[in-house]
Amino acid sequence: MQSYGERQANGMKVRRKVLGDAHVDRAETNKTGFDAPFQTLITESAWGSVWSRPGLTLRERSLITLALLGALGHEKELKMHVRACSNTGASEADIAEALLHVAIYAGVPAANSAFKAAKEELDEAKVSSG
């Protein structure tokens, strides 16, 4: 079992790999005493304990995350994870497949919102890159 320090270090490594240095640097720069415990919690638990586990690839974890965020209606977080797909190996087609599952298992309204948010993010990424 990993120690707290190992989970923090591994969590930060995976967080940076998935979300990118710019995103993590912004989050770290904007961290205050108010949200520092939350930032520590997500780095250790989400990134250091779950995303760091063997058994699923970052691409697979990314797609599961997109489906869950879409199903729950968390559009801002969904957009962040759509951006992260360029780092996890999940393609635009993969994203659409994950969101089709949202339609079937969480409902068409949730999937409609998720598709809209994902399209906005994908379109923005295309404009930014070329």
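Within each chain, residues carry numbers counting from 1 in the order of the written sequence. Where local features are concerned, this predicted model is filtered to residues with pLDDT of at least 70; where side-chain atom pairs are given and counted, the filter is 80 or more; whole-chain, interface and lining totals use all residues. With hydrogens and water excluded, all non-hydrogen atoms of the structure serve as input to the side-chain values.

Peer 1: Got a minute to help me understand the overall build of the protein in this structure?
Peer 2: In this text, helices come from DSSP runs of H or I with a minimum length of four residues, and strands from runs of E with a minimum of two, each type numbered from the N-terminal end. Along the protein, the regular secondary structure elements total seven helices and zero strands. Counted from the first residue to the last, the protein has its helices and strands arranged as α-α-α-α-α-α-α. In this treatment the radius of gyration is a C-alpha quantity, and the globule benchmark scales as 2.2 Å times the residue count to the 0.38 power. Relative to the compact-globule value of 14 Å for 130 residues, the protein shows a C-alpha radius of gyration of 15 Å, a close match. Along the first, second and third principal axes, the C-alpha atoms of the protein reach 40 × 30 × 25 Å. Relative accessibility thresholds used throughout: buried, under 20% of the residue-type maximum; exposed, over 50%; partly exposed, between the two (1.4 Å probe, protein chains only). Per-residue burial for the protein yields a buried fraction of 35% across its 130 residues. In what follows, residue pairs with any heavy atoms lying within 4.5 Å of each other are defined as contacts. When contacts within the protein are restricted to residue pairs at least 6 apart in sequence, those whose partners lie at least 24 apart make up 65%. When the accessible surface of the protein is summed, it comes to about 7,900 Å², and 59% of that surface belongs to carbon and sulfur atoms. Think of it this way: Lys and Arg go in the positive column, Asp and Glu in the negative one, and His and the chain ends go nowhere. By convention, the point assigned to a charge is CZ for Arg, NZ for Lys, CD for Glu and CG for Asp. Charge separation in the protein, taken as the distance between the mean sites of 16 positive and 16 negative side-chain charges, equals 2 Å. The protein chains shown are the only cover counted for residues, whose accessible areas, like all others here, come from Shrake-Rupley with a 1.4 Å probe.

Peer 1: Explain the environment of valine 18 to me, please; I cannot follow it from the model alone.
Peer 2: Tracing the chain through its elements places valine 18 in helix α1 (residues 4-19). The class of valine 18 is buried, set by a relative accessible area of 1%. Those residues in contact with valine 18 that lie beyond four places of it in its chain are Trp47, Trp51, Leu58, Ala84, Asn87 and Thr88.

Peer 1: Looking at this structure, how should I read helix α6 (residues 92-106)?
Peer 2: For an α-helix, 3.6 residues make a turn, and residues three or four places apart therefore share a direction. Helices are assigned an expected span. That span is 1.5 Å times one less than the residue count. Between its terminal C-alpha atoms α6 stretches 21 Å, which fits the 21 Å expected from 15 residues at 1.5 Å a residue. Those residues of α6 lying buried are Asp94, Ile95, Ala98, Leu99 and Val102. Buried residues of α6, viewed axially, fall in a sector of 130°; they line one side. What points out from α6, more than 90 degrees from its buried face, is the exposed set Ala93 and Ile104. Starting at the helix axis, one direction is taken to each C-beta atom, and the arc is that of these directions.

Peer 1: For this particular structure, what's the right way to read the packing of helix α5 (residues 75-88) against helix α7 (residues 108-129)?
Peer 2: Two packed helices can be described by the angle between their axes and the distance between those axes. The axes are straight lines fitted to the C-alpha atoms, using for helices just the contacting stretch, and the angles between their N-to-C directions are given from 0 to 180°. Where α5 contacts α7, the two axes come as close as 9 Å, and the packing angle between them is 45°. With respect to α7, the element α5 is oriented oblique. For α5 against α7, the interelement crossing comes out right-handed. Between α5 and α7, the contacting residues are Glu75, Leu78, Lys79, Val82 and Arg83 on the first element and Ser113, Ala114, Ala117, Ala118, Glu120, Glu121 and Leu122 on the second. Of the residues belonging to the contact of α5 with α7, the class tally is six nonpolar, one polar and five charged. Oblique is the label for any angle not under 35 degrees, not over 145, and not in the 65 to 115 range, which are roughly parallel, roughly antiparallel and roughly perpendicular in turn. Note: crossing handedness is left-handed where the near helix turns anticlockwise from the far helix by less than a right angle, and right-handed where it turns clockwise. Each residue is assigned to one of three groups, with Ala, Val, Leu, Ile, Met, Phe, Trp, Tyr, Cys and Pro labelled nonpolar, Asp, Glu, Lys and Arg labelled charged, and all others, Gly among them, labelled polar.

Peer 1: So what exactly am I meant to see when it comes to the nonpolar core here?
Peer 2: A general feature of soluble globular proteins is that nonpolar side chains tend to end up buried together. Only buried residues count toward a nonpolar core, which is a set of Ala, Val, Leu, Ile, Met, Phe, Trp, Tyr and Cys residues joined through side-chain atoms within 4.5 Å. Residues Leu66, Leu78, Val82, Ile95, Leu99 and Ala118 are the most contacted members of the largest nonpolar core, which totals 17 residues. For this core, the elements supplying multiple residues, two or more each, are α4 (58-72), α5, α6 and α7. The biggest single contributor to this core is α7, with six residues. Excluding its chain neighbours within four sequence positions, the residues that come into contact with leucine 66 are Leu78, His81, Val82, Cys85, Ile95 and Leu99. In this structure, Val14, Val18, Leu19 and Trp47 belong to the second largest nonpolar core, which totals 10 residues.

Peer 1: How should I be thinking about the layout of surface pockets in this particular structure?
Peer 2: Remark: the empty space left among the atoms is shown by a probe the size of a water molecule rolled over them. A cavity here means a set of 1 Å grid points, computed over protein atoms only, where a 1.4 Å probe fits but cannot escape. A pocket is an open set with protein on both sides within 12 Å along at least 5 of 7 lines, and lining residues have an atom within 4 Å of a point. Grid points are joined across faces, edges and corners, and a volume is the space filled by probe spheres set on the points. Of the voids in this model, the largest pocket is the one considered here, and its volume is about 570 Å³. Around the largest pocket, the lining comprises 19 residues; the ones closest to its centre are Leu19, His23, Ile42, Glu77 and Met80. Residue assignment for the lining of the largest pocket shows that the elements contributing at least two residues are α1, α2 (21-30), α3 (36-50) and α5. With six residues, α3 is the largest single contributor of residues to the lining of the largest pocket. Residue composition of the lining of the largest pocket, grouped by class: nine nonpolar, five polar and five charged. If you add up the space inside the second largest pocket, you get close to 220 Å³.

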